[in-house]
Amino acid sequence: MGLSEAPGQRDTQALLSTTQAMELRRRDYHVERPLLNQEQLEELGSRSSATGTLQWRTWFRCSHARARALLLQYFPVLAWLPQYPVRDWLLGDLLSGLSVAIMQLPQGLAYALLAGLPPVFGLYSSFYPVFIYFLFGTSRHISVGTFAVMSVMVGSVTESLAPDEAFLQASNSTVDVAARDAARVQVASTLSVLVGLLQVGLGLVHFGFVVTYLSEPLVRAYTTAASVQVFVSQLKYVFGLHLSSRSGPLSLIYTVLEVCWKLPQTVVGTMVTAVVAGVVLVLVKLFNDKLRRQLPMPLPGELLTLIGATGISYGVGLQHRFGVDVVGKIPAGLVPPVAPSPQLFARLVGNAFAIAVVGFAIAISLGKIFALRHGYRVDSNQELVALGLSNLIGGIFQCFPVSCSMSRSLVQESTGGNTQVAGAISSLFILIIIVKLGELFQDLPKAVLAAVIIVNLKGMLMQFTDICSLWKANRVDLLIWLVTFVATILLNLDLGLAVAVVFSLLLVVVRTQLPHYAVLGQVPDTDIYRDVAEYSEAREVPGVKVFRSSATMYFANAELYSDMLKQRCGVNVDHLISQKKKLLRKQELKLKRLQKENKLPKQAAASKGTSISINVNTSVTDIESNDVEGSKAKQVSAGTELEDTAARGQEDAKAPDMSSLKTLGLPQPDFHSLILDLSSLSFVDTVCLKSLKNIFRDFREIEVEVYMAACHSPVVTQLEAGHFFDASITKQHLFASVHDAVIFALQHPRSSPVNPVLVTKL
């Protein structure tokens, strides 16, 4: 007696069999629907022309709700500050603001030096713009203020418009530092106002999308090249050298050569100070990274280094005993507002636009990263307005252009910052330093500030590893990276950015001109069509060619599309059309010659009508006995034959078969229908319309009917607006899918017969 199966086992088998049956039913699904061309699809789906919303009408509406919406849109602080959870977020924002302020102090002093300005103006740039962004910004975590890339761009402008050579004193050939600094401050503040005006204007017209033209490889390569520029610009402070002011193309190369040439003049005390400060900063950063989880906030290595270096410099007398350059006098208090110099606008507008775009690109990219991480939205246009107002108002108070810093933003987020209250708190700390504590840093060595700048370049210099990753991932992006880097290094920051943007846009155009063209075949037992060169099981439908391009067709690649279509179809369409026209022309000339020859006997018959009629009615015996009359009878019979031949020629010319490829003895294509898969078509221009019409005309000349498939609704609308559809090309030539077009083409062949079994199988 066998053992019976346990109930649980039977239930498991039943469940498995049910699951397998459901899986099979799910896999072998069957869909039935009618064949749909564009006309039938529009009727079935009740398509109506999309009515464009007149956005400008809403701009002039006046209501309480619209006024409130505009107020909250341009003053975001009014939306989130009344709902600020003081008990939950204030402590985190307070600690975060203090941490950021501790970083702002040394970086502000150092980046002002990088911009070619007295260090105190870096403190001003760390106060005014930060507070303005607190009122108008939409990102809750970015730290606005001085940034190395922006500072080096400003420095290239100030040193080119106010070089040291322009302020040499005639008496002792030394530089008038006070006059030079005053001129550079005026240039930098005017540049900031102009950058702010551009950013505010672009933001108000919703031009925030301009940053989309700066791809990530382009921005990373540009910031990497800028970090190299920053590093080279700080070598004179590390070695204590006095270098010539250079700007323009190849200025970086000349600066490196001059540093190498003047290395024997290095001030040893300055170099030792920079090396010691750099080692201390690196050790503190390594310590912070290792104990990041245990420490409530990172150790302020930069601030501690500045305080220690200032104390040592004051106690030892580094400036007098070892010739180490120090910051010098730092005035206490704030400076009054100063109007910009309009005379400089024309000379600064190009650099201002480059700085405005780069600053916004860096800010919005960081802002979107933090917004995605914390689940809120950043308005790119309002960010542009907020940065513009920060630079505009900051420029009036003698600040230089600012953006956001990645290192400070990461600190602001990691130390518990939740909103821009942290930024406001950091700006208040900077205000206290400006008013009361700034003058304590008068003996701070400039070499220490250079060490702070160089150590903070680590993150951007690490972007050189992008070369390896892009080589494996996308070599076109690698090409953009390399061109951007080389152009920025050789041509300076402004021209380098222009070259990079133009090159990346040209590369996009080139890539659309070289898309992937494919002849599609049907995957067995499906309505899916794939490239026959990639899918070995995909088979072309007999008598039908399906062609697809991976890019949209427009003026730059329309001719290439037509050429590749004719090449992939395996038929020399142009040669076949020319041969057909040549044979038809010969046929027409032959017909005209026959008609001309037919006129001569008719004219002779009109002049000798009696003898001709007699000869026609004469018997054969009489004709043989009379040679002359016999010749006339032959002439009449020849004329009758020519007339019959001409009549037959005219009838043949009128018959359609006389102009067919088969009748003319020309080879026929092995397909009767061509289907253009236009699923990749995203827009239509006039060149595209003409190319499509030419494709219809040419293939119909060789007896191939053309159909289109898978057009999106906006493309159909543009085809209608361009008057593409007419009596010869109707919406019945446009189908909802490639499969619909294939079935219709098989059911309505233009020339060759179709196997009904094949249509049923499809």
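Data block above holds the structure.
Only a predicted model underlies this, so the values are computations on that prediction, with no experimental measurement involved.

A word on helix 33 (residues 738-747)
And then number 1: Most of helix 33 is tucked away: 9 of the 10 residues are buried.
And then number 2: Along helix 33, the positions that sit buried rather than exposed are V738, H739, D740, A741, V742, I743, F744, A745 and L746.

Topic: the pairing of strand 6 (residues 673-677)
And then number 1: Among the 5 residues that make up strand 6, 5 are buried, leaving the element largely enclosed by the rest of the structure.
And then number 2: Side chains S673, I675 and D677 project from strand 6 onto one buried face, and the interleaved L674 and L676 project onto a second face that is buried too.
And then number 3: Alignment of strand 5 (residues 544-549) against strand 6, held across 5 bridges, turns out to be parallel. Paired with K545 across the strands is L674, a residue of strand 6.
And then number 4: Pairing analysis gives 5 bridges linking strand 6 to strand 7 (residues 705-709), with the strands arranged parallel.

Structural notes on the pattern of salt bridges
And then number 1: For the structure shown, the criterion picks out 16 salt bridges.
And then number 2: Between E701 and K580 there is a salt bridge, and its shortest N-O distance comes to 3.9 Å. In this pair, E701 sits in helix 31 (residues 686-701) while K580 sits in helix 26 (residues 573-607), placing the two residues 121 residues apart along the sequence.
And then number 3: In this structure, the salt-bridge partner of R700 is E705, at a minimum N-O distance of 3.1 Å.

A closer look at the nonpolar core
The nonpolar side chains of a soluble globular protein tend to be buried, and buried together.
And then number 1: Counting 108 residues, the largest nonpolar core has V149, M153, L191, L306, L444 and L449 as its most contacted members.
And then number 2: Considering each element in turn, this core owes the most residues, 15 residues, to helix 17 (residues 345-374).

Looking at the side chain of T484
And then number 1: Mapped onto the elements, T484 comes out in helix 24 (residues 475-513).
And then number 2: Taking relative accessible area as the criterion, T484 reaches 1% and is therefore assigned buried.
And then number 3: A polar contact is formed between the side chain of T484 and the backbone oxygen of I480, at a distance of 2.7 Å.
And then number 4: Apart from residues no more than four positions distant in its own chain, T484 is found in contact with L218, A221, Y222 and A500.

Things to note about a nonpolar patch on the surface
And then number 1: On the surface, a cluster of nonpolar side chains totalling about 500 Å² of accessible area is made up of L250, I253, Y254, L257, V486 and L490.
And then number 2: The element contributing the most residues to the nonpolar patch is helix 13 (residues 251-261), with 3 residues.
And then number 3: When you line up the elements, L257 lands in helix 13.

How each quantity is defined
- Residues numbered from 1 in each chain as written.
- Predicted model: local features only at pLDDT ≥ 70, side-chain atom pairs only at ≥ 80, totals over all residues.
- Heavy atoms only, no water.
- Buried < 20%, exposed > 50% of the residue type's maximum accessible area, 1.4 Å probe, protein only.
- Helix = DSSP H or I, 4+ residues; strand = E, 2+ residues; numbered from the N terminus.
- Pairing = 2+ DSSP bridges.
- Salt bridge = Lys/Arg side-chain N within 4 Å of Asp/Glu carboxyl O.
- Core = buried A, V, L, I, M, F, W, Y, C linked by side-chain atoms within 4.5 Å.
- Polar contact = N/O pair within 3.5 Å; in protein donor to acceptor, adjacent residues only side chain to side chain.
- Contact = heavy atoms within 4.5 Å.
- Patch = residues over 30% accessible without salt bridge, like charges linked within 9 Å, V, L, I, M, F, W, Y side chains within 5 Å.
- Areas by Shrake-Rupley, 256 points an atom, 1.4 Å probe, with all protein chains shown as cover.

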